Amino acid sequence: MDEEKPQRALQALQRFLGTPLNRLLENPGMGNSEAAALALFRDVAARVPAYRLFLEQHGIDPASIRDAADFSTLPLTDKANYLQRHKLADLCREGRLESCDMMAVSSGSTGKPTFWPRFLSDELVTAVRFEQAFHDSFASDRRRTLAVVCFALGTWVGGLFTTACCRHLAAKGYPLMVVAPGNNKTEIWRVVRELAPQFEQTVLLGYPPFLKDVIDGGVAEGLDWRPFQVKLVMAGEVFSEEWRDLVGSRAGIADPAYGSVALYGTADAGVLGNETPLSITIRRFLGHHPDAARELFGESRLPTLVQYDPRARYFETHEGTLLFSGDNGVPLLRYHIADMGGIVPYEEMLRFLAARGFDPIAALSQAGSQAGGRGIRPLPFVYVFGRSNFTVSYFGANIYPENVTVGLEQERIAGWVTGKFVLQAIEGLEQAPHLSIAVELAPGIEADDSKRDSIAQSILAQLLRLNSEFQAYTPPEYRLPRVSLKPTGDLDWFPVGVKHRYTRK
């Protein structure tokens, strides 16, 4: 028997269950954040065999790391140079895999699936992010809430982790009931029909394209979502504000800032940050002002914009990509996840927006008067584009799936398509250069030339509006995409039950 385990579990539970959210999130200053990162480094260097060896191989004496400047000189870790070079047990404290109690598997979207052990205390750190979403965005502390977990269940990280975190909220006293039908749409519709009328609101948690399928398919099945006061929690993909509006209107969501939350999460470390009513309000402003967005983010596309607790996850940037440090079953230090993005301190964000005549706090307070000003916390922002290998290069311009997505979400197009597509850049010698885009049609929609041409023109209009590289680099005669329309679930392009990829090389 491990006598330390129950003490770790009790201490973590006592802190989470016994501490109100406002206290958990108070005093998030950078000094506290840097101190937390240094404390984690010292603990990991002393207790994790793989990291001790990693430091030795790089000639680093742990005692030489005394402040944040020293910490920033530590070598980066990643899957190739750290995780895959050691036994799983050696990545855990004291080399004991059994110090954890749960094993999850990453999606494998960038390679071989990876195992990630964790303990109850790791779940509770992520549960605070769920609490922030349910409390600040959905007022679930005072509304009877049905949480429907629509992520895939099994070894994959999303479903069981989400279910556990929602149950922790219920244990804390939230009037919350969790049901986990997974990614079975028929079962989701059944539990919503039978259970949702007994609650004041229903929260669907899942992968954005799948939730859109659930909502659209429910409407086709005669399910009226509006009486259920639907809210959405999403992870795994960047989506546009047009998408938020489109899906929100079909689900009966009246207030975009308080009706959905995107999580920035990874199998490696749970949830790193979450959208807030404030971050959504800012992102919607930037979506209407692409020049300001380009100045702030350095890109023509709109990233996911979240806030984070700098004491729980310590972010840094490296050559336009994000690093983070955080405690888990496998603690990670200066971990390079390869997500393109950056950090914007809270006050810096407000100054940037004020210089452009926008006060997001005033806008949010006015729009969300019934929410009692929830969702305004002085936490730093992190923005995430996703991994650069999901782009395609066309005449030297980076073409992002996000640009194409907006074209499919225009009002005259959205009813024809599911939102899924596959983007390719064809620049070989055998045929004229062109952007090839296979688009999945919605159930019951037939392909025809008129729809194909309208979709191509809509995508082109958004590429020209949002992507300055495309506008500058691509000759006019090669700009119009070649769109092909595929039936729902096409086996070659959109197989059911497989995590979708929006680009092919």
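First, a word on scope: everything that follows refers to the structure included in this document. (Residues numbered from 1 in each chain as written. Predicted model: local features only at pLDDT ≥ 70, side-chain atom pairs only at ≥ 80, totals over all residues. Heavy atoms only, no water.)

1. Brief notes about the overall build of the protein
Turning to step 1, where the next piece is worked out: A tally of helices and strands in the protein yields 19 helices and 18 strands.
Turning to step 2, where the next piece is worked out: Residue pairs in contact within the protein that sit at least 24 positions apart in sequence constitute 74% of those at least 6 positions apart.
Turning to step 3, where the next piece is worked out: A total of about 21500 Å² of accessible surface is found on the protein, and carbon and sulfur atoms cover 51% of it.
Turning to step 4, where the next piece is worked out: Looking at the protein, you have 53 positive and 59 negative side-chain charges, and the mean spots of the two groups are 2 Å apart. (Helix = DSSP H or I, 4+ residues; strand = E, 2+ residues; numbered from the N terminus. Contact = heavy atoms within 4.5 Å. Areas by Shrake-Rupley, 256 points an atom, 1.4 Å probe, with all protein chains shown as cover. Lys, Arg positive; Asp, Glu negative; His and termini not counted. Charge placed at Lys NZ, Arg CZ, Asp CG, Glu CD.)

2. Quick notes on the nonpolar core
Turning to step 1, where the next piece is worked out: Core analysis: the largest hydrophobic core is formed by 71 residues, its most contacted members being Phe41, Tyr51, Phe71, Phe130, Phe134, Leu205 and Tyr264.
Turning to step 2, where the next piece is worked out: Counting residues per element, this core draws most heavily on helix H6 (residues 120-137), at seven residues.
Turning to step 3, where the next piece is worked out: Membership of the second largest hydrophobic core comes to 51 residues, among which are Val417, Ile437, Val439 and Tyr502. (Core = buried A, V, L, I, M, F, W, Y, C linked by side-chain atoms within 4.5 Å. Buried < 20%, exposed > 50% of the residue type's maximum accessible area, 1.4 Å probe, protein only.)

3. Some details on helix H16 (residues 401-408)
Owing to its 3.6 residues per turn, the α-helix brings residues three or four apart onto one side.
Turning to step 1, where the next piece is worked out: H16 sits mainly inside the fold: eight of its eight residues count as buried.
Turning to step 2, where the next piece is worked out: Three or more residues of H16 are buried, namely Pro401, Glu402, Asn403, Val404, Thr405, Val406, Gly407 and Leu408.

4. Thoughts on the packing of aromatic side chains
Turning to step 1, where the next piece is worked out: By the definition in use, this model includes 16 aromatic pairs.
Turning to step 2, where the next piece is worked out: Here Tyr308 and Phe315 contribute two aromatic rings whose centre-to-centre distance is 4.8 Å and whose plane-to-plane angle is 75°, an arrangement assigned as edge-to-face. There is no split in this pair, since Tyr308 and Phe315 are both buried.
Turning to step 3, where the next piece is worked out: Note on Tyr383 and Phe385: the rings are 5.9 Å apart at their centroids and 80° apart in plane angle, and the pair reads as edge-to-face.
Turning to step 4, where the next piece is worked out: The class for Tyr383 is buried, based on a relative accessible area of 10%.
Turning to step 5, where the next piece is worked out: The exposure class assigned to Phe385 is buried, which follows from its relative accessible area of 5%.
Turning to step 6, where the next piece is worked out: Through a chain of ring-to-ring contacts, the aromatic side chains of Tyr264, Tyr308, Phe315, Phe324 and Tyr335 assemble into a single cluster.
Turning to step 7, where the next piece is worked out: Above the plane of the ring of Phe161 lies Arg118, whose end atom (NZ or CZ) is 3.9 Å from the centre. (Phe/Tyr/Trp six-rings, centres within 6.5 Å; stacked < 30°, edge-to-face > 60°. Lys NZ or Arg CZ within 6 Å of the ring centre and 35° of its normal.)

5. Considering the packing of helix H10 (residues 241-251) against helix H12 (residues 277-288)
The axes of two packed helices give the description: the angle between them and the distance between them.
Turning to step 1, where the next piece is worked out: For the pair H10 and H12, the least separation of the axes is 10 Å and the interaxial angle reads 115°. Considering their axes alone, H10 and H12 lie roughly perpendicular with respect to each other. Note on element contacts: H12 touches H10 through Ile280, Arg283 and Arg284, opposite Glu241, Arg244 and Asp245.
Turning to step 2, where the next piece is worked out: In the contact of H10 with H12, the residues fall into one nonpolar, no polar and five charged. (Axes fitted to C-alpha atoms, helices over the stretch in contact; angles between N-to-C directions. Parallel < 35°, antiparallel > 145°, perpendicular 65-115°, else oblique. Nonpolar A, V, L, I, M, F, W, Y, C, P; charged D, E, K, R; others polar.)

6. Considering the environment of Ala37
Turning to step 1, where the next piece is worked out: Mapped onto the secondary structure, Ala37 falls in helix H3 (residues 30-47).
Turning to step 2, where the next piece is worked out: With relative accessibility at 5%, the residue Ala37 sits in the buried group.
Turning to step 3, where the next piece is worked out: With 48 residues separating them along the chain, Ala37 and Arg85 place their C-alpha atoms 24 Å apart.
Turning to step 4, where the next piece is worked out: If sequence neighbours within four positions are ignored, Ala37 has contacts with Phe71, Tyr314 and Leu333.

7. Structural notes on the packing of helix H9 (residues 208-220) against H10
Turning to step 1, where the next piece is worked out: Between H9 and H10, the least distance of the axes is 10 Å, while the angle of their chain directions is 30°. In terms of crossing hand, the pair formed by H9 and H10 is left-handed. Residues Pro208, Lys212, Ile215, Asp216 and Val219 of H9 pack against Trp243, Leu246, Val247, Arg250 and Ala251 of H10.
Turning to step 2, where the next piece is worked out: Residue classes in the contact of H9 with H10 are distributed as seven nonpolar, no polar and three charged. (Left-handed = near helix turned anticlockwise from the far one by under 90°.)

8. Some words on the pattern of salt bridges
Turning to step 1, where the next piece is worked out: By the definition in use, this model includes 30 salt bridges.
Turning to step 2, where the next piece is worked out: Note that Asp43 and Arg47 form a salt bridge whose closest N and O atoms lie 3.4 Å from each other. One end of the pair, Asp43, and the other, Arg47, are both in helix H3, four residues apart, so they sit about a helical turn from each other.
Turning to step 3, where the next piece is worked out: Note on Asp43: relative accessible area 23%, which makes it partly exposed.
Turning to step 4, where the next piece is worked out: Take Arg47: its relative accessible area is 24%, and that puts it in the partly exposed class. (Salt bridge = Lys/Arg side-chain N within 4 Å of Asp/Glu carboxyl O.)

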